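Chain by chain, the residues run as shown.
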Amino acid sequence: MKLTFPSPPPLQSIEFDKPCIMGILNLTPDSFSDGGLFVKKDNALIHVTQMINDGAQIIDVGGESTRPGAKEVSADEECSRVIPVIEAIREISNIPISIDTSKTEVMHQAVSSGASMINDVNALRADGAVELTAKLNVPVCIMHMQGQPRTMQHTPTYVDVVKEVKNFLKERIDVCLKAGINQNNIIIDPGFGFGKTLEHNLSLFKHLEDFENLGCPLLVGVSRKSMIGAVLDKPSVDERLNGSIALATLAAWKNANILRVHDVKETAEALKLCQAVKEAK
Ligand code: 7PJ
């Protein structure tokens with residue numbers, strides 16, 4: 001499996017012979033895990049440069065907080081946060097940029113400004129999002145979420161979480177294919193922490209290999225998330241580095257293709273070791 005990014009020229013591609021790192025750039029003033037530290041453009045560029053040097057192969061730019069209970073922002077507000085930064089990254093690097101948004105308008109503007117991939121926690125369920133993605137012909141990550149960010153952690157309910165998440169992703173893959181999205185452009189994600197209890201998250205993680213037969217690259221985002229805080233009793237996100245690395249390593253061992261992380265350098269070292277063991281005789 002391989003991902004091809006049409007923009008910017010020259011064509012960029014990522015082979016999935018080993019897992020790759022997507023570095024997170026949060027541009028929300030209320031983002032929980034870096035406290036809005038990277039709101040200013042210059043800081044954002046310094047952080048991106050560091051992540052690239054540390055081994056990130058994709059930069060995921062987001063201007064809308066999806067933390068439980070976060071309030072919604074308008075498309076204009078979201079664009080004003082992400083577009084100038086996407087343009088600025090493009091001036092210094094041709095690294096694939098992913099736009100983390102659920103809004104069709106933001107997807108459109110971001111890709112027009114140099115983003116090369118769409119990352120949608122809402123799995124392209126907004127009006128026009130599937131059609132737009134087909135037209136733009138860029139890779140897209142579709143993620144499972146039960147409910148909506150504001151209320152999703154109130155009462156997550158499943159009979160069989162693995163089966164239900166898998167069925168949802170299967171249905172969304174079908175919708176994407178019917179709308180003309182290229183099969184090679186679809187990435188799937190079980191959506192850790194999105195409408196899931198600790199038990200649900202752990203069960204999904206344990207059965208990560210079950211998602212392989214959907215035939216799409218698998219993205220895993222667990223970096224600094226509350227499941228780590230719950231198991232390790234670390235209420236503060238800046239105490240979750242060790243836990244994040246442990247889960248990233250396990251995900252890589254279980255054949256995840258893309259790891260969405262805050263701590264690129266530490267993750268890259270863990271992945272190198274994981275890969276060395278995998279390749280041993
Ligand atoms: C995810 C994401 C995730 C994908 C966020 C956070 C919350 N996109 N965007 N998967 N999480 N594809 O980083 O804690 O798990 S925002």
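See the structure above.
To keep things clear, this report deals only with the structure shown in the data block. (Residues numbered from 1 in each chain as written. Predicted model: local features only at pLDDT ≥ 70, side-chain atom pairs only at ≥ 80, totals over all residues. Heavy atoms only, no water.)

## Here's the deal with the overall build of the chain
Stage number 1. Looking only at helices and strands, one finds nine helices and 10 strands in the chain.
Stage number 2. In terms of overall size, the chain behaves like a compact globule, its C-alpha atoms giving a radius of gyration of 17 Å where 281 residues would be expected to give roughly 19 Å.
Stage number 3. The principal-axis extents of the C-alpha atoms in the chain amount to approximately 45 × 40 × 40 Å.
Stage number 4. Residue burial in the chain is summarised as follows: out of 281 residues, 57% are buried.
Stage number 5. Contacts spanning at least 24 positions in sequence make up 66% of the contacts within the chain whose residues lie at least 6 apart.
Stage number 6. Accessible area of the chain: about 12,700 Å², with a carbon and sulfur share of 51%. (Helix = DSSP H or I, 4+ residues; strand = E, 2+ residues; numbered from the N terminus. Rg over C-alpha atoms; globule rule 2.2 N^0.38 Å. Buried < 20%, exposed > 50% of the residue type's maximum accessible area, 1.4 Å probe, protein only. Contact = heavy atoms within 4.5 Å. Areas by Shrake-Rupley, 256 points an atom, 1.4 Å probe, with all protein chains shown as cover.)

## Section: a nonpolar patch on the surface
Stage number 1. Nonpolar side chains collect at one region of the surface, where Leu 198, Leu 202, Val 231 and Leu 232 lie side by side and expose about 320 Å² of accessible area between them.
Stage number 2. Along the chain, Leu 198 falls in helix α6 (residues 198–206).
Stage number 3. Here Leu 198 falls in the partly exposed class, since its relative accessible area comes to 34%. (Patch = residues over 30% accessible without salt bridge, like charges linked within 9 Å, V, L, I, M, F, W, Y side chains within 5 Å. Salt bridge = Lys/Arg side-chain N within 4 Å of Asp/Glu carboxyl O.)

## Regarding the sheet that holds strand β4 (residues 58–62)
Stage number 1. With parallel pairing, eight strands are arranged side by side in an open sheet as β8-β7-β6-β5-β4-β3-β10-β9. Strands with a single pairing partner mark the edges of an open sheet, and in this sheet they are β8 (186–189) and β9 (219–220).
Stage number 2. As defined by bridge partners, strand β3 (residues 20–26) adjoins strand β10 (residues 258–261) across four bridges and the pair is classed as parallel. Along β10, the bridge assignment pairs Cys 20 with Ile 258.
Stage number 3. The strands touched by helix α1 (residues 41–54) are β3 and β4; relative to β3, the strand with the most contacts, the crossing angle is about 170°. (Pairing = 2+ DSSP bridges. Axes fitted to C-alpha atoms, helices over the stretch in contact; angles between N-to-C directions.)

## Considering the packing of helix α8 (residues 241–253) against helix α9 (residues 264–279)
Stage number 1. Between α8 and α9, the shortest axis-to-axis distance is 9 Å and the interhelical angle comes to 35°. In this structure, α8 crosses over α9, and the sense of that crossing is right-handed. In contact with Leu 241, Ile 245, Ala 248, Thr 249, Ala 252 and Trp 253 of α8, α9 contributes Glu 266, Thr 267, Ala 270, Leu 271, Cys 274, Val 277 and Lys 278.
Stage number 2. Its residues assigned to classes, the contact of α8 with α9 comprises nine nonpolar, two polar and two charged. (Left-handed = near helix turned anticlockwise from the far one by under 90°. Nonpolar A, V, L, I, M, F, W, Y, C, P; charged D, E, K, R; others polar.)

## Some details on the site of the ligand
Stage number 1. By nearness alone, 13 residues border the ligand, and Asp 100, Asn 119, Asp 189, Lys 225 and Arg 260 come closest of all.
Stage number 2. With respect to the ligand, the side chain of Asp 100 contributes an N or O atom lying 3.1 Å from a nitrogen atom.
Stage number 3. At 3.3 Å from an oxygen atom of the ligand is found a main-chain nitrogen or oxygen belonging to Gly 221.
Stage number 4. Out of a free accessible area of 390 Å², the ligand has 93% covered by protein chains. (Near = heavy atom within 4 Å. Polar contact = N/O pair within 3.5 Å; in protein donor to acceptor, adjacent residues only side chain to side chain.)

## Quick notes on the environment of Ala 70
Stage number 1. For Ala 70, the location among the structural elements is in the loop between β4 and α2 (75–92).
Stage number 2. Residue classification places Ala 70 among the buried positions, given a relative accessible area of 10%.
Stage number 3. Here the alpha-carbon distance between Ala 70 and Leu 45, two residues 25 residues apart in the chain, equals 25 Å.

## Let's talk about α2
Stage number 1. With 18 residues, α2 should cover 26 Å at 1.5 Å per step; its first-to-last C-alpha distance of 26 Å lies within 8% of that length.
Stage number 2. Taking the largest bend as the criterion, α2 deviates by roughly 25°, centred on Arg 81, and proline Pro 84 comes between one and four positions later.
Stage number 3. Buried residues of α2: Ala 75, Glu 78, Cys 79, Arg 81, Val 82, Ile 83, Val 85, Ile 86, Ala 88, Ile 89 and Arg 90, and no others.
Stage number 4. Those residues of α2 that are buried are in contact with β3, α1, β4, β5 (97–100) and α3 (104–112). (Expected span 1.5 Å × (residues − 1). Bend = angle between axes of the 7 residues up to and from the residue.)

## Examining the pairing of β8
Stage number 1. Across the two faces of β8 the burial is the same, with Ile 186 and Ile 188 and Ile 187 and Asp 189 all buried.
Stage number 2. When strand β7 (residues 140–143) meets β8, the two strands line up parallel, connected through four bridges. Residue pairing in the sheet places Ile 142 in a bridge with Ile 188 of β8.
Stage number 3. Following the backbone out of β7, through helix α5 (residues 161–178) and into the adjacent parallel β8, one traces a crossover that is right-handed. (Right-handed = clockwise from strand over helix to strand, strands pointing away.)

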